[in-house]
Amino acid sequence: MLRNAFLRRINDVIKCYSISNSFATCRMLSVVGGGTMKASVLETGGKLELQTLKIPVPKAGEMLMRVKACGVCHTDLHVIKSEIPFPVPAVMGHEVSGEVVSLGPGASQADQSRFSPGTKVAAAFIMPCLDCGFCHKGKEEMCEKFFSYNRGAGQLYDGSTRLFRAEDDAPVAMYSMGGLAEFCVVPTSAVSPLLPGLPFAESCILGCAFFTAFGALKNSAKIQKGETLAVFGTGGIGSCLIQIARAMGVSTVIAVDISDEKLKKMSQLGATHIVNVNNVSALAAIQEITAGHGVDVVVEALGSVGTFQDAVMAVKDGGRAVMVGIAPLGVKAEVPITHIVRRQITIQGSYGARASTDLSALMDLVSKGLIDLTAPVTRTFTLEEADLAYRQLDQGLITGRAIVVMH
């Protein structure tokens, strides 16, 4: 009853802001303390459990968001399966859409203007500190603090988490913002207001699936209009790569997978050619499609040894093989040294994009009708079903992207 009363109070304050449109009218921060929320918490053994946590309180440069939806991503699954080290207990979920509740103390005038309570927003999984050497160079996707504090320790950039259990105040790690919860705290540097007309729940996948695809093509491959592309793996990120490539004017888009069902969907999303490697060699098919030249760019979106090696061999002389698929820590692939040297092949890792510029650019493509946000989303789950969602993802039962939608 106390929790329900608290949530009603949150709604009342958001309505107050919507009516008054004045940041000084109500002080949301004063009512946040003491409330609780439901969250899906990863415990030792790889199971997600629905637990009660304290509603997190934002610090300077951060916001409290009421989560609308959170994407179900393979990167989370690697952590859940202990293939990538991360502290537990933890709240997973790193691509979210939601509604601004409050800003942390000392919020800038710019943040107050952009993020008044009730504003619908999306947040990227890479949360740039804007202070480190990489951020100053404009390479937010390599933010030092993000990798050392968040990916390394499950914390934000003061060296502490914002999540605590309600029953004993025990700390809970955050994977990015910890989006598998009713509320989350996220640095405002990773957040962008949603443009009018964008679907609220499905917009969560802007923060990783589309974000990662956009970064791979724009920042890493630097793909140009009229070039040719092959995408290895057509799940959540792969389907986004297909759409973005067509929006960028790529002339030939080859989708490579083992599922006829997925490949049929890729044709609908803009792939000019589809290749099922159960029936034909990916390299042979790409050579045939490109008259023996290979493609300008391959993006590998699986993180498997075989597709990594094939990606290197599928590009033309001087081509770029961009790797976005995450593999279990320690997995290695072999590549032909002489071929890479003589044919000037570029192998480029790519991890996300740049929140300060790329989130808004993605939304612009959506608003122009060049990208369909709803197309990759094939399943929805409730917060109570989060563990089921990841088990089905691990079993290969989810095509495209699943999302967890909060009540």
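Residues numbered from 1 in each chain as written. Predicted model: local features only at pLDDT ≥ 70, side-chain atom pairs only at ≥ 80, totals over all residues. Heavy atoms only, no water.

Trainee: Which parts of the structure should I look at to understand the overall build of the chain?
Mentor: When helices and strands are counted, the chain shows 14 helices and 18 strands. Its C-alpha radius of gyration of 21 Å places the chain within 12% of the 22 Å reference for a compact globule of 407 residues. Looking at the chain as a whole, 55% of its 407 residues are labelled buried. When the accessible surface of the chain is totalled, it reaches about 16600 Å², and 52% of it is carbon and sulfur. (Helix = DSSP H or I, 4+ residues; strand = E, 2+ residues; numbered from the N terminus. Rg over C-alpha atoms; globule rule 2.2 N^0.38 Å. Buried < 20%, exposed > 50% of the residue type's maximum accessible area, 1.4 Å probe, protein only. Areas by Shrake-Rupley, 256 points an atom, 1.4 Å probe, with all protein chains shown as cover.)

Trainee: Honestly, the sheet that holds strand β13 (residues 273-276) in this entry has me stumped. Any pointers?
Mentor: Strand-to-strand pairing in sheets goes through backbone hydrogen bonds, with the strands running parallel or antiparallel. Here we have six strands laid out as an open sheet, ordered β13-β12-β11-β14-β15-β16, and parallel in their pairing. Looking at which strands have only one partner, the edges of the open sheet turn out to be β13 and β16 (346-349). Direction aside, neighbouring strands of the sheet carry axes that sit 20° apart on average. Where strand β15 (residues 315-323) meets β16, four bridges bridge the pair, whose relative direction is parallel. Residue Met 323 lies in a different strand from β16, and its bridge partner there is Gly 349. (Pairing = 2+ DSSP bridges. Axes fitted to C-alpha atoms, helices over the stretch in contact; angles between N-to-C directions.)

Trainee: Just checking my understanding: could you explain the environment of Pro 199 for this structure?
Mentor: With respect to the element layout, Pro 199 can be found in the loop between β10 (191-193) and α7 (209-220). Taking the C-alpha atoms as reference, Pro 199 lies 9.8 Å from Asp 372; in sequence the two are 173 residues apart. In this structure Pro 199 touches Leu 373 and Thr 374, once residues within four positions along its chain are discounted. (Contact = heavy atoms within 4.5 Å.)

Trainee: In this structure, what is going on with the nonpolar core? I would like to understand it.
Mentor: Note on soluble globular proteins: their nonpolar side chains tend to be buried together. Grouped together as the largest cluster of nonpolar side chains are 115 residues, with contacts concentrated most on Leu 206 and Leu 229. Other than its neighbours up to four places away in sequence, Leu 206 contacts Ala 122, Leu 194, Leu 198, Phe 211, Leu 359, Leu 362, Met 363, Val 366 and Leu 373. Counting residues in each nonpolar core, the second largest holds 18 residues, with Ala 282, Val 295, Ala 311 and Ile 345 among its members. (Core = buried A, V, L, I, M, F, W, Y, C linked by side-chain atoms within 4.5 Å.)

Trainee: Looking at this model, I keep getting lost on the confidence of the model for the chain. Mind explaining?
Mentor: Fine structural detail should not be taken from predicted coordinates in areas where pLDDT scores are low. The share of residues in the chain with pLDDT of 70 or more is 92%, and the mean pLDDT across the chain is 92. Segment residues 12-31 is flagged for pLDDT under 50; beyond a separation of four residues in sequence, or across chains, it makes 31 contacts in the model. (pLDDT = per-residue confidence, 0-100.)

Trainee: Just checking my understanding: could you explain the sheet that holds strand β8 (residues 171-174) for this structure?
Mentor: Pairing in this open sheet of five strands is mixed, and the strands run β2-β1-β4-β8-β7 from one edge to the other. Of all the strands in the sheet, the pair left with one neighbour each is β2 (47-54) and β7 (163-164). Sheet topology places strand β1 (residues 36-43) next to β2; eight bridges connect them, and they run antiparallel. Its bridge partner being in β2, Met 37 is matched across the sheet by Leu 53.

Trainee: Would you explain the packing of aromatic side chains in this entry?
Mentor: Given two aromatic rings, their pairing is described by the distance between the two centres and the angle made by the two planes. Taken as a whole and judged by the stated rule, the model has seven aromatic pairs. Geometrically, the ring pair formed by Phe 125 and Tyr 351 is edge-to-face, given 5.3 Å between the ring centres and 90° between the ring planes. Taken as a pair, Phe 125 in the loop between β6 (120-123) and α5 (133-136) and Tyr 351 in the loop between β16 and α13 (355-367) lie far apart in primary sequence, 226 residues in all. Overall, Phe 125 belongs to the buried group, its relative accessible area being 3%. Look at Tyr 351 and you get partly exposed, because its relative accessible area is 22%. Taken together, the aromatic side chains of Phe 125, Phe 146, Phe 147, Phe 211 and Tyr 351 make up a single cluster linked through ring pairs. Its guanidinium or amino end placed over the ring of Phe 200, Lys 120 lies 4.7 Å from that ring's centre, counting from NZ or CZ. (Phe/Tyr/Trp six-rings, centres within 6.5 Å; stacked < 30°, edge-to-face > 60°. Lys NZ or Arg CZ within 6 Å of the ring centre and 35° of its normal.)

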